[in-house]
Amino acid sequence: MMYGWNDGTWGVVWMILSMGVLVAFVWALIRAFASNGDRRDRPRNPKDVLAERFANGEIDPEEYHERLRVLEDTRALKQNR
């Protein structure tokens, strides 16, 4: 006789459910820590991109201000629609 090993159907059901919860918890932790600081899935703000290019010296002040004005004009046009 194997006493304690015959928990019946409910023992198996609870074991499967608890393992599923454990796997889901570990998966959620891995996903949360793996994507920490990852901004690839979020769209970048055009003004931030423009400011970054200006800060890196890729564009001069005149071009920066001209492109910034165009962005603001485009944004104003979209809001008026």
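Criteria and thresholds
Going along each chain's sequence as written, the residues are numbered from 1 onward. Where totals are concerned, whole chains, interfaces and linings use all residues; where local detail is concerned, this predicted model gives features only for residues with pLDDT of at least 70, and gives and counts side-chain atom pairs only at 80 or more. For side-chain calculations, the full set of non-hydrogen atoms in the structure is used, while hydrogens and water are omitted. Classification of ring pairs uses Phe, Tyr and Trp, with its six-membered ring standing for Trp, and accepts pairs whose centres are within 6.5 Å; under 30 degrees between planes counts as stacked, over 60 as edge-to-face, and the remaining range as tilted. Only DSSP runs of H or I covering at least 4 residues are called helices, and only runs of E covering at least 2 are called strands; the numbering of each starts at the N terminus. Burial classes: relative accessible area under 20% of the type maximum marks a residue as buried, over 50% as exposed, and values in between as partly exposed (1.4 Å probe, protein chains only). For this analysis, a polar contact is any N or O atom pair within 3.5 Å, provided that within protein one partner can donate a hydrogen and the other can accept it, and provided that sequence-adjacent residues contribute only side-chain to side-chain pairs. Each patch is built from residues that are more than 30% exposed by relative accessible area and take part in no salt bridge. Like charges join if they lie within 9 Å; nonpolar side chains (Val, Leu, Ile, Met, Phe, Trp, Tyr) join within 5 Å. Every accessible area reported is derived by Shrake-Rupley at a probe size of 1.4 Å, with residue values counting cover from the shown protein chains alone. The term salt bridge refers to a side-chain nitrogen of Lys or Arg lying within 4 Å of a carboxyl oxygen of Asp or Glu.

Chemist: Could you clarify how one ought to interpret the packing of aromatic side chains in this entry?
Modeler: Between two aromatic rings, the relevant description is the distance of the centres plus the angle of the planes. Tallying each qualifying case throughout the model produces one aromatic pair. Between phenylalanine 54 and tyrosine 64, the ring centres sit 4.7 Å apart and the planes meet at 25°, which makes this aromatic pair stacked. Highlighted residues: phenylalanine 54 in helix α2 (residues 46-55) and tyrosine 64 in helix α3 (residues 61-80), separated in sequence by ten residues. Phenylalanine 54 sits in the partly exposed class, given a relative accessible area of 32%.

Chemist: Just checking my understanding: could you explain α2 for this structure?
Modeler: It helps to recall that an α-helix has 3.6 residues per turn; residues three or four apart then point in one direction. Looking at where α2 begins, the residue whose side-chain oxygen comes 3.2 Å from the main-chain nitrogen of lysine 47 is asparagine 45. Immediately beyond the C-terminal end of α2, within one or two residues, lies glycine 57, with a positive phi of roughly 85°.

Chemist: What's the story with a nonpolar patch on the surface in this structure? I'm lost.
Modeler: Taken together, the side chains of Val12, Met15, Ile16, Met19, Leu22, Phe25, Val26, Leu29, Ile30 and Phe33 define a hydrophobic patch exposed on the protein surface, amounting to about 1000 Å² of accessible area. Here valine 26 lies in helix α1 (residues 9-34).

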